[in-house]
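If you want the building blocks of each chain, they are given just below.
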Amino acid sequence: MPDSPYPSIRYTSAGTDLRVSTGSWVRMGLGIGMAIAGVLLLGHYARQALPQAPLPVVTQIKGDLEATERSGQTVKLSALRGKVTVMACLYTVCPHGCAAVVAQMQKLNAAYRTRPDFHQVSLAVAPERDTSDFLKAYAEGVGARTDDPWWFVTGEQQRIWDYMTNDLQLQAPAAIPEEKRINPLDFYEHDLRLVLIDRQGRVRGYYAVFHPQPEIATIMIDKLDRDVQRLLDNPAE
C-alpha cells in the first residue's frame, strides 16, 4: 500500500503506543466544514421561503400640507398617494446630522429616480432662510435634478412643523439657545429620522440613519433600503 500523503502523529494512551494519520483530521475537518455550510445554506433558503412579518403601520396620515416646491410651484403632499414616499426634515445649514440624511436620500434617488411609484420630500425646518430659490440651488448642489422624484418644499413654518409633528409624528423642532449653538446659524434642533410612507398614506417606519453608534446607523440604512424595495415590490402591502 502506498504511503499516506499526510504525516502521522504518535502518542501514548494507557501505556500503548498509537499512531493516527493527520489525514483523518483533515477529512474530519472538511466534513464538519461542509456540514456547517449545509446548515447555513438550508437556513438561508428557509428564511427565503418563510413569509415575512408585515411592516408595522405606525399611523395613518390624515392631514395635508400645501407648500412651495423649489421650482416655485405650489404642491400638496396628498398628491403623492399611490407612491412609496420617503420624507425627512431639512435645515440646509444644519451642523448636526442633516448631511447623513441627505446622503441617504441621494442614494435612494439614484436607485429609484426612474420609478413612477417612488418619491421623496425634504421639508424645510427654517423656511425664512430656506426659500424656494435657496432650496433650488441647494438641490442642484446635492445632484437632485429638476425632473427627479424629489421635492424640496418650503412655506409657512408653523404649518410645516405641524405636519412634521401631527401627521408624520416626528419630534417637534425646537429653537436652540444661543449658548448651546455650534455655530451662529445653528438655530434649530429637529428630528433626523427618515419616514417611510406607503401608497395608502400610512407611516411604516422611522430610520435613524444618523446615529452616535455607527453600527446602529448602518443597520438603519440597510433596513430602509430593504423596506423601500419591499413596498415597491409588493403594492398591496
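Placed above this text is the structure.
Since this is a predicted model, take the numbers as computed values, not measurements.

(A) A look at helix α4 (residues 157-167). Taken together, the buried positions of α4 are occupied by I160, W161, Y163, M164 and D167. Q169 sits one or two positions beyond α4 and adopts a positive phi of about 60 degrees.

(B) The arrangement of the pattern of salt bridges in detail. Applying the stated criterion across every chain yields a total of 14 salt bridges. Among the ionic pairs, R159 bridges to E156, the shortest N-O distance being 3.4 Å. R159 gets classed as exposed once you look at its relative accessible area, which sits at 53%. Overlapping salt bridges bring together R113, R145, D147 and D148 as one network.

(C) Representation of the environment of Q158 within the structure. With respect to the helices and strands, Q158 occurs in helix α4. Through-space distance from the C-alpha of Q158 to that of A126 is 10.0 Å; in sequence the pair is 32 residues apart.

(D) The packing of aromatic side chains, seen in detail. Going through the model one piece at a time under the given rule, you end up with three aromatic pairs. Residues Y112 and F118 carry aromatic rings whose centres are separated by 5.3 Å and whose planes lie at 55 degrees to one another, so their mutual orientation is tilted. Each member of the pair Y112 and F118 is classed as buried. Each residue in the set Y138, W150 and F152 is aromatic and connected to the rest through ring pairs, giving one cluster. It is R193 that lies over the ring of Y206; its NZ or CZ is 4.6 Å from the centre.

Definitions and cut-offs
Residues numbered from 1 in each chain as written. Predicted model: local features only at pLDDT ≥ 70, side-chain atom pairs only at ≥ 80, totals over all residues. Heavy atoms only, no water. Buried < 20%, exposed > 50% of the residue type's maximum accessible area, 1.4 Å probe, protein only. Helix = DSSP H or I, 4+ residues; strand = E, 2+ residues; numbered from the N terminus. Salt bridge = Lys/Arg side-chain N within 4 Å of Asp/Glu carboxyl O. Phe/Tyr/Trp six-rings, centres within 6.5 Å; stacked < 30°, edge-to-face > 60°. Lys NZ or Arg CZ within 6 Å of the ring centre and 35° of its normal.

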